[in-house]
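Coordinate inspection notes
Letter by letter, the chains look like this.
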Amino acid sequence: DIQMTQSPSTLSASVGDTVTITCRASQSISLWLAWYQQKSGKAPKLLIHKASILQSGVPSRFSGSGSGTEFTLTISSLQPDDFATYYCQQYNSWWTFGQGTKVEIK
Amino acid sequence: QVQLVESGGGVVQPGRSLRLSCAASGFMFSNYGMHWVRQAPGKGLEWVAVVWYEGTKKYYADSVKGRFTISRDNSKNTLYLQMNSLRAEDTAVFYCAKETSVLRAAGTFDAFDVWGLGTMVIVSS
């Protein structure tokens, strides 16, 4: 099974900051990685798929990069609506989620 | 608009059964693989099961294999999850989710672009 490890687990930031979340796979997953945003009590929302493709309707301040085993989600100019938990998910071989990164207000 | 609505959650005793449903609308349900994903209270997301668009291929996480059964009725645009021999550790919000790609080929996998609001399952005596 492919394991996904996100870092950090919690990130404190201010509005306007640029933040980066890292996701590492236990083996190569090529570009088969998605990022989701989940707000408290709500369903996850797809932000990015195939490592860097922005889902329709998602603001351009979100971007994804990486390939193989290391990936990043970058949020440029953090907005109040962006404080949430973010999950990576590999779909190279079945499906596995990372443990999540909570972005909180500093 | 594209929508998924889960139902069937509730409180159930350990060892008992429960069936979840997910009603789909706004897209050609029969063309997409569908999944169940769960989230225990305060925890992360855990993939549970998938059924291919045509309904013949079904796969499960090891944690539920042999106890849960995923199915779909394309004539009713509905996804199901039959959960038997429930355990306390099955307590979670269960989400249904739709794959991004239409008519996904066997041997490939996909992200999830639409999620339902979730239905809570509590397993407790």
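Scroll up to find the structure this text is about.
Keep in mind that this is a model prediction, so the values were computed, not measured.

**What about the interface of chain B and chain A?**
- Between chain B and chain A, the contact holds 23 residues from the first and 18 residues from the second.
- Interface area for chain B against chain A, summed over the two sides, is near 1,600 Å², with a carbon-plus-sulfur share of 69%.
- One can count zero salt bridges joining chain B with chain A.
- Our enumeration of links across chain B and chain A arrives at six residue pairs in polar contact (both at pLDDT 80 or more).
- Of all the elements in the fold, those that place two or more residues in the side of chain B that touches chain A are strand S4 (34-39), strand S5 (45-51), strand S9 (92-99) and strand S10 (112-115) of chain B.
- When residues in the side of chain B that touches chain A are grouped by element, the largest group, four residues, is from S5(B).
- Across the side of chain B that touches chain A, the residue classes break down as eleven nonpolar, five polar and seven charged.

**Quick word on unusual backbone geometry**
- Here Ser7(A) and Pro8(A) are connected by a cis peptide whose omega angle stands at -5°.
- Considering the arrangement of structural elements, one finds Pro8(A) in the loop between strand S1 (4-7) and strand S2 (10-13).
- Phi angles above zero are rare outside glycine, and Ser85(B) is one such case at about 50°.
- Looking at the element boundaries, Ser85(B) is found in the loop between strand S8 (78-83) and S9.
- When its relative accessible area of 40% is taken as the criterion, Ser85(B) is described as partly exposed.

Calculation rules
- Residues numbered from 1 in each chain as written.
- Chains lettered and ligands numbered in written order.
- Predicted model: local features only at pLDDT ≥ 70, side-chain atom pairs only at ≥ 80, totals over all residues.
- Heavy atoms only, no water.
- Contact = heavy atoms within 4.5 Å.
- Buried area = accessible area lost by both parts, 1.4 Å probe.
- Salt bridge = Lys/Arg side-chain N within 4 Å of Asp/Glu carboxyl O.
- Polar contact = N/O pair within 3.5 Å; in protein donor to acceptor, adjacent residues only side chain to side chain.
- Helix = DSSP H or I, 4+ residues; strand = E, 2+ residues; numbered from the N terminus.
- Nonpolar A, V, L, I, M, F, W, Y, C, P; charged D, E, K, R; others polar.
- Buried < 20%, exposed > 50% of the residue type's maximum accessible area, 1.4 Å probe, protein only.

Interpretation note: all reported values are geometric properties and have no functional meaning in isolation.
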